[in-house]
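Listed here are the chains, written in short residue letters.
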Amino acid sequence: MDEMLFVGPTGRRVPAVTAEEMRAVDRVAVEEVGLDLPRMMEHAGRGLAEAVLDRRENGPVTILASNGGNGGGGLACARHLANRDLPVRIVLDRDPADIDGVTAEQLRILKATDVPIETGGGGSSFDVDAPLDGVVVDALIGYGLSGAPRGPVAELVDAASDAAGTVVSLDVPSGVDATTGEAPGAAVDPDLIATLALPKTGLAAVSGDLLLVDLSIPATVYDRVGVEYEAPFGDEFAVPLSRA
Ligand SMILES: NC(=O)C1=CN([C@@H]2O[C@H](COP(=O)(O)OP(=O)(O)OC[C@H]3O[C@@H](n4cnc5c(N)ncnc54)[C@H](O)[C@@H]3O)[C@@H](O)[C@H]2O)[C@@H](O)CC1
Ligand SMILES: [K+]
């Protein structure tokens, strides 16, 4: 854990975690405590949807998603927004048949709805070169970034970067290393970052407003991984953060 990087709404220090520490938090939550990934992902998706509703503009909401936990949170968000009659569409970095794990569970629910699901990177109706209007939700990559964005993900990162309207990133701007804040290649430059459970150390080095979204992780999980934790949420389920 790092020195003081973030401050919550009451002026209280909020600890930041590296990607490795957050992975450890996830592992303990799932394996020792039984707070499984689908449960956490539902909180992520709802918190993200509330952030989008707060910043909503006229026009569609485009949700860019890949195959990991970050994409799954984006898909859960899509469901909440579509349930509120927002014009939502999903753009995946790959064929829907190639989405797996918990993210595929989220996708399965959306397939039962009339939310359009497109595939970026050529060979589909989605034109990666057409400017995105309305709100863009960046749920491509979170703390699982490995190297510079490649292939269709890189094209979607560029599309988000060129978007005229508000861009909201889930957890970490895609392309940014969650621990260092460095971008090994192209990266999204969001207006707002809805980061999950605790801020990631790298977020101190990037721009964009910060919102911390509760995943309902009990304090014992942080104790077990040695993260010094004081619940930052008070009576809320999401709180704004400032960089210290
Ligand atoms: N407790 C938590 O922290 C939770 C985290 N969740 C989310 O899950 C994320 C972590 O999930 P994962 O570990 O699955 O990882 P990510 O979803 O961050 O990233 C994995 C995806 O990114 C792609 N990818 C990685 N580097 C790439 C590159 N250079 N070029 C192209 N594609 C690349 C992978 O192919 C894969 O599809 C978090 O950031 C968060 O958003 C939520 O799902 C719920 C629980
Ligand atoms: K992201």
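Right above here is the structure, for reference.
In this report, the structure presented in the accompanying data block is examined. (Residues numbered from 1 in each chain as written. Chains lettered and ligands numbered in written order. Predicted model: local features only at pLDDT ≥ 70, side-chain atom pairs only at ≥ 80, totals over all residues. Heavy atoms only, no water.)

### Let's talk about the packing of helix α2 (residues 37-54) against helix α3 (residues 69-83)
Then, in step 1: Direction vectors running N to C along α2 and α3 enclose 55°, while the axes themselves pass 7 Å from each other. With respect to α3, the axis of α2 lies oblique. Note on packing geometry: the crossing formed by α2 with α3 is right-handed. Of the residues in α3, those touching α2 at Met 41, Glu 42, Gly 45, Arg 46, Leu 48, Ala 49, Val 52 and Leu 53 are Gly 69, Gly 72, Gly 73, Gly 74, Ala 76, Cys 77, Arg 79, His 80 and Leu 81.
Then, in step 2: Tallied by class, the residues present in the contact of α2 with α3 amount to 8 nonpolar, 6 polar and 3 charged. (Axes fitted to C-alpha atoms, helices over the stretch in contact; angles between N-to-C directions. Helix = DSSP H or I, 4+ residues; strand = E, 2+ residues; numbered from the N terminus. Parallel < 35°, antiparallel > 145°, perpendicular 65-115°, else oblique. Left-handed = near helix turned anticlockwise from the far one by under 90°. Contact = heavy atoms within 4.5 Å. Nonpolar A, V, L, I, M, F, W, Y, C, P; charged D, E, K, R; others polar.)

### Observations concerning the site of ligand 1
Then, in step 1: Every one of the 25 residues lining ligand 1 counts as a neighbour, but Asp 26, Asn 70, Gly 142, Ser 146 and Asp 171 are closest to it.
Then, in step 2: In the environment of ligand 1, a nitrogen atom lies 3.1 Å from a nitrogen or oxygen atom belonging to the backbone of Gly 147.
Then, in step 3: At 2.6 Å, a side-chain N or O of Asp 171 approaches an oxygen atom of ligand 1.
Then, in step 4: In isolation ligand 1 exposes 860 Å². Once the protein is present, 85% of that is buried. (Near = heavy atom within 4 Å. Polar contact = N/O pair within 3.5 Å; in protein donor to acceptor, adjacent residues only side chain to side chain. Areas by Shrake-Rupley, 256 points an atom, 1.4 Å probe, with all protein chains shown as cover.)

### Section: α3
An α-helix turns once per 3.6 residues; consequently, residues spaced three or four apart project the same way.
Then, in step 1: Helix length check: α3 (15 residues) gives 22 Å between terminal C-alpha atoms against 21 Å at 1.5 Å per residue, within 8%.
Then, in step 2: In terms of residue burial, α3 counts as a mostly covered element, since 12 of its 15 residues are buried.
Then, in step 3: Along α3, the positions that sit buried rather than exposed are Asn 70, Gly 71, Gly 72, Gly 73, Gly 74, Leu 75, Ala 76, Cys 77, Ala 78, Arg 79, His 80 and Leu 81.
Then, in step 4: Among the structural elements, α2, β3 (61-65), β4 (88-92), α4 (101-111), β6 (135-139) and β7 (167-170) are those in contact with the buried residues of α3.
Then, in step 5: Asp 85, located one to two residues past α3, shows a positive phi value of around 65°. (Expected span 1.5 Å × (residues − 1). Buried < 20%, exposed > 50% of the residue type's maximum accessible area, 1.4 Å probe, protein only.)

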